[in-house]
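Below are the chains, spelled out letter by letter.
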Amino acid sequence: QVQLVESGGGLVQAGGSLRLSCAASGSSFRINAMAWSRQAPGKQREFVARIDSDSSTNVADSVKGRFTISRAKNTVYLQMNSLKPEDTAVYYCAAAIRYTTINYWGQGTQVTVSS
């Protein structure tokens, strides 16, 4: 069993930066890929970024060049720069378990960007 806890969300002015963290606990040695997604009010949840166990990464076109995903041990990070009001959303962390199709999700952390 894996538990994910996000932190680092908050209120930031447009053009500013914010760094999200997601700490994994429990059977964290079984984690393969980790990812971030987000959901804004009135919109569907969308993929933001993913990092695999080999450190390869993939980011959504909407945040490419501004957001960077990284990983260290049992924690995944999302560095968000040049934030825009449209980045306002609840950001969720996810982890995939190796050798299975099982995925775990965090509770989400709110990011609000003011204009």
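Here the residue numbering is sequential within each chain, running from 1 through the sequence in written order. Local features in this predicted model are restricted to residues whose pLDDT is 70 or higher, and side-chain atom pairs enter the listing and the counts only when it is 80 or higher, whereas totals over whole chains, interfaces and linings include all residues. Only hydrogens and water are set aside; all other atoms, that is, all heavy atoms of the structure, feed into the side-chain values.

1. Let's talk about the overall build of the protein chain
- The secondary structure content of the protein chain amounts to 0 helices and 11 strands.
- Element order for the protein chain, N to C, with α for helix and β for strand: β-β-β-β-β-β-β-β-β-β-β.
- As defined in this context, the radius of gyration uses C-alpha atoms, and a globule is described by 2.2 Å times the residue total to the power 0.38. Whereas a compact globule of 115 residues would reach a radius of gyration of roughly 13 Å, the protein chain reaches 14 Å, a difference of no more than 12%.
- Each of the three principal axes of the protein chain carries a C-alpha extent, and together these read 45 × 25 × 25 Å.
- Only protein chains enter the calculation, and the probe is 1.4 Å; a residue is then buried if its accessible area is under 20% of its type maximum, exposed if over 50%, and partly exposed in between. The 115 residues of the protein chain split such that 43% are buried.
- Contacts are assigned to residue pairs that have any heavy atoms within 4.5 Å of one another. Looking at the protein chain alone, contacts between residues at least 24 apart form 56% of all its contacts between residues at least 6 apart.
- Within the structure as shown, the protein chain displays about 6,200 Å² of accessible surface, and the carbon and sulfur contribution to it stands at 47%.
- Put simply, the protein chain has 12 plus and 7 minus side-chain charges, and the middle of one group is 5 Å from the middle of the other. Starting at the N terminus, helices and strands are each numbered in turn, a helix being any DSSP run of H or I of at least four residues and a strand any DSSP run of E of at least two. In this description, accessible areas are obtained by the Shrake-Rupley approach with a 1.4 Å probe, and a residue is regarded as covered only by the protein chains that are shown. Positive charges come from Lys and Arg, negative ones from Asp and Glu, while His and the chain ends are left out of the count. The location of each charge is read from NZ of Lys, CZ of Arg, CG of Asp or CD of Glu.

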